Amino acid sequence: MTTFRTPADAAEARAIQDALRARVVLDEPGPPPGTGRATGVDVAYDEERDVVVAAAVVLDAATLDVVAETTAVGRVTFPYIPGLLAFREIPTVLAALEALPVDPGLVVCDGYGRAHPRRFGLASHLGVLTGLPVIGVAKNPFAFTYEQPAPRRGDSSPLLDGDEEVGRALRTQDGTKPVYVSVGHRTGLDNACAHTLLLARDFRQPETTRRADALCRQALREATA
């Protein structure tokens with residue numbers, strides 16, 4: 001695992017993104033969907049106390065049963081700046097992942113990978129630092145254009161920056177809003193969408209994200225009680 005370094009300011013953060021972006025692996029297909037493990041990571045904040053809690057929840061990718069889960073509590077050490085969110089979240093996310101008793105398999109972030117103005121969102125940053133296959137599945141698009149996909153589960157449309165496809169708007173349930181899938185590291189886009197559909201069996205968001213979100217919120221309540 002590559003050591004995380006907290007930047008002194010936004011300019012240094014962007015320089016770190018530029019340096020690490022070249023290490024993103026885009027020519028691996030990733031683990032076959034529905035096999036092995038899939039791990040959701042998410043964070044919750046108490047801004048008044050500068051506390052951040054991260055959760056990592058490992059699921060069996062075939063059954064969606066929970067295999068393991070961990071949380072980590074940290075301090076917010078970097079301000080909120082659009083495009084640099086990873087620098088607020090990654091230290092605590094790394095601590096949660098390192099505490100897992102099993103290999104996480106594919107990691108699913110509630111955020112972006114290549115679908116980022118600098119092509120280096122949280123999913124890419126986390127993948128480069130850990131060496132794990134990582135995808136981003138976001139609830140909202142980040143400054144890119146797309147056509148609404150057709151209304152059925154599995155329908156998708158390209159998420160575009162000009163002519164470049166940086167991700168996909170993917171319908172995970174009939175008639176619901178799409179989610180926005182992008183490659184983070186060591187996984188192809190087709191594969192990332194296939195994983196997302198299998199993990200979003202019953203709800204709009206992947207079960208990995210739903211469980212990690214619930215766990216980190218619970219852990220934050222306990223940490224700040």
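Residues numbered from 1 in each chain as written. Predicted model: local features only at pLDDT ≥ 70, side-chain atom pairs only at ≥ 80, totals over all residues. Heavy atoms only, no water.

### Observations regarding the sheet that holds strand β2 (residues 51–60)
- Pairing is mixed across the open sheet formed by 8 strands, whose spatial order is β3-β2-β1-β4-β5-β8-β7-β6. The open sheet terminates on both sides in strands that have one partner only, identified here as β3 (66–75) and β6 (156–161). Between one strand axis and the next, the sheet turns by 25° as a mean value, whatever way the strands run.
- Here 10 bridges tie strand β1 (residues 37–46) to β2, and the two strands are oriented antiparallel to one another. Within β2, the position partnered with A38 by the bridge is L59. (Pairing = 2+ DSSP bridges. Helix = DSSP H or I, 4+ residues; strand = E, 2+ residues; numbered from the N terminus. Axes fitted to C-alpha atoms, helices over the stretch in contact; angles between N-to-C directions.)

### A few points about helix α4 (residues 189–199)
- Counting buried residues in α4 gives 8 out of 11 residues, a clear majority hidden from the surface.
- Looking only at α4, the buried set comprises L189, N191, A192, C193, H195, T196, L197 and L199.
- In this fold, the buried residues of α4 make contact with β1, β4 (106–109), β5 (134–138), β7 (164–170), β8 (179–185) and α5 (207–223). (Buried < 20%, exposed > 50% of the residue type's maximum accessible area, 1.4 Å probe, protein only. Contact = heavy atoms within 4.5 Å.)

### Side note on the nonpolar core
- One finds V41, I90 and L126 to be the most contacted residues of the largest nonpolar core, which totals 36 residues.
- Elements represented by at least two residues in this core include exactly α1 (10–21), β1, β2, β3, α2 (86–98), β4 and α3 (122–130).
- The element contributing the most residues to this core is α2, with 7 residues.
- What L126 contacts, discounting residues up to four positions off in sequence, is V41, I90, V93, L94, L97, V107, C109 and V134. (Core = buried A, V, L, I, M, F, W, Y, C linked by side-chain atoms within 4.5 Å.)

### A closer look at the packing of aromatic side chains
- With the rule as written, the count across this model stands at 2 aromatic pairs.
- Plain terms: the ring middles of Y146 and Y180 are 5.3 Å apart, the flat faces sit at 70° to each other, and that makes the pair edge-to-face. A residue pair is termed long-range when its members are at least 10 positions apart, and Y146 in the loop between β5 and β6 and Y180 in strand β8 qualify at 34 residues.
- The class of Y180 is buried, set by a relative accessible area of 6%.
- Directly above the ring of Y45 sits R88, whose terminal nitrogen or CZ lies 4.7 Å from the centroid.
- The side chain of R210 reaches across the aromatic face of F203, ending 3.6 Å from its centre. (Phe/Tyr/Trp six-rings, centres within 6.5 Å; stacked < 30°, edge-to-face > 60°. Lys NZ or Arg CZ within 6 Å of the ring centre and 35° of its normal.)

### A short note on the pairing of β6
- In this sheet, β7 lies alongside β6 in antiparallel orientation, the contact comprising 6 bridges. Across the sheet, residue S157 finds its bridge partner in β7, namely A169.
- Linkage of β6 to β7, two consecutive antiparallel strands, is achieved through a turn of 2 residues, within which G162 is found at a positive phi near 65°.

### Concerning α2
- Given a rise of 1.5 Å per residue, 13 residues ought to cover 18 Å, and the 17 Å separating the end C-alpha atoms of α2 matches this to within 8%.
- Looking at the buried side of α2, the elements it contacts are α1, β1, β2, β3 and α3. (Expected span 1.5 Å × (residues − 1).)

### Observations concerning the pairing of β3
- Where β2 lies against β3, 9 bridges are found, and the strand directions are antiparallel. In the strand pairing of β3, A55 is matched with T71.

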